[in-house]
Amino acid sequence: MSETFGQRLAAALETHGALCVGIDPHAALLSAWGLDATADGAREFGLRVVEAAAGRVGIVKPQVAFYERYGSRGFAALEDVMAAARAASLLVIADAKRGDIGTTMEGYAAAWLEPGSPLEADAVTLTPYLGPDSLRATLAAALRARKGAFVLTATSNPEARAVQSAVVEDTLAVGDHERVAARVAHDVNEANLGQPGALGSIGVVVGATVDRAAFGLGDITLAGMPILAPGFGAQGADPADLGRLFGYVSKAVVANESRSVLAVGPARLAERITARADLYREALNG
């Protein structure tokens, strides 16, 4: 694999547009799809989403928790779903939200980002709240493997704002003070320095429903980073809002939709994905 994750992601966004289809087999959706709330049901659900997404979008995002709930059989199902997605030339973002220190993070990096691992993905979501420095070795491992990561920065759940918009005041802050979210973005973006291509491999998670300015996340702060943006679809943000919400960095946005796509059921899923993907392409291309 010679291309970086950032280069592969840029190509996927250019070819297919911003839509990323979430693979979220929670119990209510499994029931609506006529599937059992079991590891086998979650596997079948995921494989159907992959089949519908292939060739229509460039990226899928399995929510690890909905597989993990079934224990070892759930992880085996997730392995099958991610392998099928990658075989279908879809980029896979494992939404695992891992965050720890030292050898524990080495283990997570090996699980999700090491080539040949049973859980190999193209990128993984990470949490920085043991300090962004705790992720440095993991981000370096991702880059060595030509993989990517998305670090939680300004999330769409309202209860996170008190922490993520708090002010950092220390010698490493940019200017007189800096918001925690902006500090995270600056710290993790350092990993992209010197990497090839216009888009880095290390990105951030910024909810589409948050006020970026309140978190210190202006266009300059986010420039050059991929942005995983939950909050489109069922959570309220519309594809037509993409340019307004993200401005100069809109073309780096990976717009995740889950319930708004999956709720139509398997028979109409491919049609729904095509329609939603077209809306994002129209929003950026006019």
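Above this text you will find the structure in question.
Here's a quick rundown of the structure. (Residues numbered from 1 in each chain as written. Predicted model: local features only at pLDDT ≥ 70, side-chain atom pairs only at ≥ 80, totals over all residues. Heavy atoms only, no water.)

This paragraph deals with the overall build of the protein chain. Looking only at helices and strands, one finds 13 helices and 10 strands in the protein chain. Taking 19 Å as the expected radius of gyration for a compact globule of 286 residues, we find that the protein chain reaches 18 Å, a close match to that expectation. Oriented by its inertia axes, the alpha-carbon framework of the protein chain measures out at about 55 × 45 × 40 Å. A sequence separation of at least 24 residues applies to 72% of the contacts in the protein chain between residues at least 6 apart. Accessible surface, the protein chain as shown: approximately 11900 Å² in total, 51% of it carbon and sulfur. (Helix = DSSP H or I, 4+ residues; strand = E, 2+ residues; numbered from the N terminus. Rg over C-alpha atoms; globule rule 2.2 N^0.38 Å. Contact = heavy atoms within 4.5 Å. Areas by Shrake-Rupley, 256 points an atom, 1.4 Å probe, with all protein chains shown as cover.)

In this section: the nonpolar core. F45, W112, L139, L217, F232, F246 and I273 are the most contacted members of the largest nonpolar core, which has 77 residues in total. Examining the composition of this core, we find that seven residues originate from one element, helix 3 (residues 39-53), more than from any other. L9, C20, I59 and V254 belong to the second largest nonpolar core, which has 16 residues in total. (Core = buried A, V, L, I, M, F, W, Y, C linked by side-chain atoms within 4.5 Å. Buried < 20%, exposed > 50% of the residue type's maximum accessible area, 1.4 Å probe, protein only.)

A word on the packing of helix 6 (residues 102-113) against helix 7 (residues 136-144). What describes two packed helices is the angle between their axes and the distance between those same axes. Between helix 6 and helix 7, the shortest axis-to-axis distance is 9 Å and the interhelical angle comes to 25 degrees. By the angle between their directions, the pair helix 6 and helix 7 is classed as roughly parallel. Every pair of crossing elements has a handedness; the one defined by helix 6 and helix 7 is right-handed. Here helix 6 contributes M105, A109 and L113 to the contact with helix 7, which in turn contributes T138, A141 and A142. (Axes fitted to C-alpha atoms, helices over the stretch in contact; angles between N-to-C directions. Parallel < 35°, antiparallel > 145°, perpendicular 65-115°, else oblique. Left-handed = near helix turned anticlockwise from the far one by under 90°.)

So, about the environment of L29. In this fold, L29 is placed in helix 2 (residues 27-32). Distance from L29 to F45, taken between C-alpha atoms, is 9.0 Å for residues 16 residues apart in sequence. Residues in contact with L29, not counting those within four places in the same chain, are D24, F45, L262 and A263.

Moving on to helix 1 (residues 5-16). Across its 12 residues, helix 1 extends 16 Å between first and last C-alpha, which sits within 8% of the 16 Å expected from 1.5 Å per residue. For helix 1, the complete set of buried residues consists of F5, G6, R8, L9, A12 and L13. Viewed end-on, helix 1 has its buried residues packed into an arc of 160 degrees, placing them on one side of the element. Within helix 1, the exposed residues directed more than 90 degrees away from the buried face are E14 and T15. (Expected span 1.5 Å × (residues − 1). Arc of directions from axis to C-beta.)

Once that is clear, we can look at the layout of surface pockets. For the largest pocket, the calculated volume is near 410 Å³. What lines the largest pocket is a set of 24 residues, and nearest its centre among them are K61, D95, P230, Q235 and N256. Those elements that provide at least two residues to the lining of the largest pocket are strand 3 (91-98), strand 10 (253-257) and helix 12 (259-262). The class makeup of the residues in the lining of the largest pocket is seven nonpolar, 11 polar and six charged. What the second largest pocket holds in volume is close to 320 Å³. Along the wall of the second largest pocket there are 16 residues; nearest its centre are A10, L13, E14, K251 and L284. Breaking the lining of the second largest pocket down by element, the ones donating at least two residues are helix 1 and helix 13 (269-285). Looking at the lining of the second largest pocket residue by residue, the class counts come to nine nonpolar, four polar and three charged. (1 Å grid on protein atoms, 1.4 Å probe; cavity = no way out; pocket = protein on both sides within 12 Å on 5 of 7 lines; lining within 4 Å. Points joined across faces, edges and corners; volume = space filled by probe spheres on them. Nonpolar A, V, L, I, M, F, W, Y, C, P; charged D, E, K, R; others polar.)

Below, the discussion takes up the packing of aromatic side chains. The tally for this structure, following the rule as stated, stands at three aromatic pairs. An angle of 80 degrees between the planes, with centres 5.5 Å apart, marks the rings of F232 and Y280 as edge-to-face. One end of the pair, F232, is in the loop between strand 9 (227-229) and helix 11 (242-246); the other, Y280, is in helix 13, with 48 residues separating them in the sequence. By the burial criterion, F232 is buried, and Y280 matches it. (Phe/Tyr/Trp six-rings, centres within 6.5 Å; stacked < 30°, edge-to-face > 60°.)

Within the secondary structure layout, V81 lies in helix 5 (residues 71-87). It is 17 Å that separates the C-alpha atoms of V81 and L269, two residues lying 188 residues apart in sequence. Contacts of V81, omitting those with residues within four sequence positions, involve I23, A42, R43, G46, L47, V50 and Y67.

Scanning the entire structure with this criterion turns up 17 salt bridges. D95 is the salt-bridge partner of K97, the closest N and O atoms lying 2.8 Å from each other. Given a relative accessible area of 6%, D95 falls into the buried group. Here R281 and D278 are joined by a salt bridge, their closest N and O atoms 2.4 Å apart. Here R281 pairs with D278, and both are found in helix 13, just three residues apart, close to one helical turn. (Salt bridge = Lys/Arg side-chain N within 4 Å of Asp/Glu carboxyl O.)

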